[in-house]
Amino acid sequence: MRYGWHENPVAWQSAAQAIRDLVWSKHPLLAGYKTLIPPAPGIYLMTLKAANILDTASILELLQAPMYIGKSKNLAARFTQHMSGLTGTKEFIRNFPQVMFWFAKVNDPEMSRIEAELITVFGPPVNRVQPVLLRGRILSPVPAQM
């Protein structure tokens with residue numbers, strides 16, 4: 001798994017195209033917000049601001065980056081799983097209690113592709129598996145030779 005932001009602008013352009021029409025919402029990853037997350041399929045990001053762990057004023061307080069990117073057939077259920085520490089992000093959630101949960105509804109066939117595009121460009125440190133992003137095109141059929 002490659003960690004950190006991708007240096008290739010083509011990858012960023014592809015990710016931007018993949019999320020162009022998505023409508024994003026965000027809520028803190030806290031119990032009081034779980035009723036605001038729809039039980040719909042979608043993509044989600046968990047982000048952290050350095051201000052959550054620093055006690056001094058600095059430019060770091062303004063920065064925010066995705067720590068984990070995922071997909072789910074039920075965003076509400078996945079939110080609850082992460083909030084409860086029932087996922088591979090348990091240590092992350094425990095160590096950084098003020099995590100933001102960003103989400104966008106996405107139809108099931110597109111979820112894997114969009115998730116892969118976002119993981120490719122952000123290389124979030126908590127994701128453990130790099131999804132495979134397949135690209136290709138269908139060519140004209142060729143008759144079989146006997």
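The structure we're discussing is the one just above.
The sections below set out a description of the structure shown in this document. The structure presented is a predicted model; accordingly, all values stated were derived computationally and were not measured. (Residues numbered from 1 in each chain as written. Predicted model: local features only at pLDDT ≥ 70, side-chain atom pairs only at ≥ 80, totals over all residues. Heavy atoms only, no water.)

Scanning the protein chain from terminus to terminus reveals 4 helices and 4 strands. N-terminal to C-terminal, the α/β element order of the protein chain is α-β-β-β-α-α-β-α. For the protein chain, the residues scored as buried account for 38% of the 146 residues in total. Entry remark: accessible area of the protein chain is about 9300 Å², with carbon and sulfur atoms responsible for 59%. (Helix = DSSP H or I, 4+ residues; strand = E, 2+ residues; numbered from the N terminus. Buried < 20%, exposed > 50% of the residue type's maximum accessible area, 1.4 Å probe, protein only. Areas by Shrake-Rupley, 256 points an atom, 1.4 Å probe, with all protein chains shown as cover.)

Strands pair in a sheet through their backbones, by hydrogen bonds, and they do so in one of two ways: parallel or antiparallel. The strand order across the open sheet built from 4 strands is E1-E4-E2-E3, with neighbouring strands paired in antiparallel fashion. If you trace the sheet from one side to the other, it starts and ends with strand E1 (24-28) and strand E3 (64-72), each paired once. On average, adjacent strands in this sheet sit at an angle of 25° to one another, irrespective of strand direction. Pairing geometry for E1 and strand E4 (residues 100-105), over 5 bridges, is antiparallel. Its bridge partner being in E4, Lys26 is matched across the sheet by Trp102. In the packing of helix H4 (residues 108-122) onto the sheet, the strands contacted are E1, strand E2 (42-49) and E3, and the crossing angle to E3 comes to about 160°. (Pairing = 2+ DSSP bridges. Axes fitted to C-alpha atoms, helices over the stretch in contact; angles between N-to-C directions. Contact = heavy atoms within 4.5 Å.)

By size, the foremost hydrophobic cluster in this structure holds 16 residues, and its most contacted members are Leu29, Ile37, Tyr44, Met46, Phe92 and Phe101. Looking at this core, the elements with two or more residues in it are E2, E3, helix H2 (75-83), helix H3 (90-95) and E4. In terms of nonpolar packing, the next biggest core, distinct from the first, is built from 15 residues, Ala15, Ile69, Leu118 and Ile119 among them. (Core = buried A, V, L, I, M, F, W, Y, C linked by side-chain atoms within 4.5 Å.)

Let us look at the pattern of salt bridges. Evaluation of the coordinates by the stated rule reveals 3 salt bridges. One salt bridge connects Arg113 with Glu110, and the closest N-O pair in it is separated by 2.5 Å. Taken together, the residues span about one helical turn, with Arg113 and Glu110 both in helix H4 at a distance of 3 residues. On the basis of relative accessibility, which here comes to 36%, the residue Arg113 falls in the partly exposed class. (Salt bridge = Lys/Arg side-chain N within 4 Å of Asp/Glu carboxyl O.)

Within the fold, Lys73 resides in the loop between E3 and H2. Discounting residues that sit within four places of it in the chain, Lys73 has contacts with Pro39, Ala40, Pro41, Asp108 and Met111.

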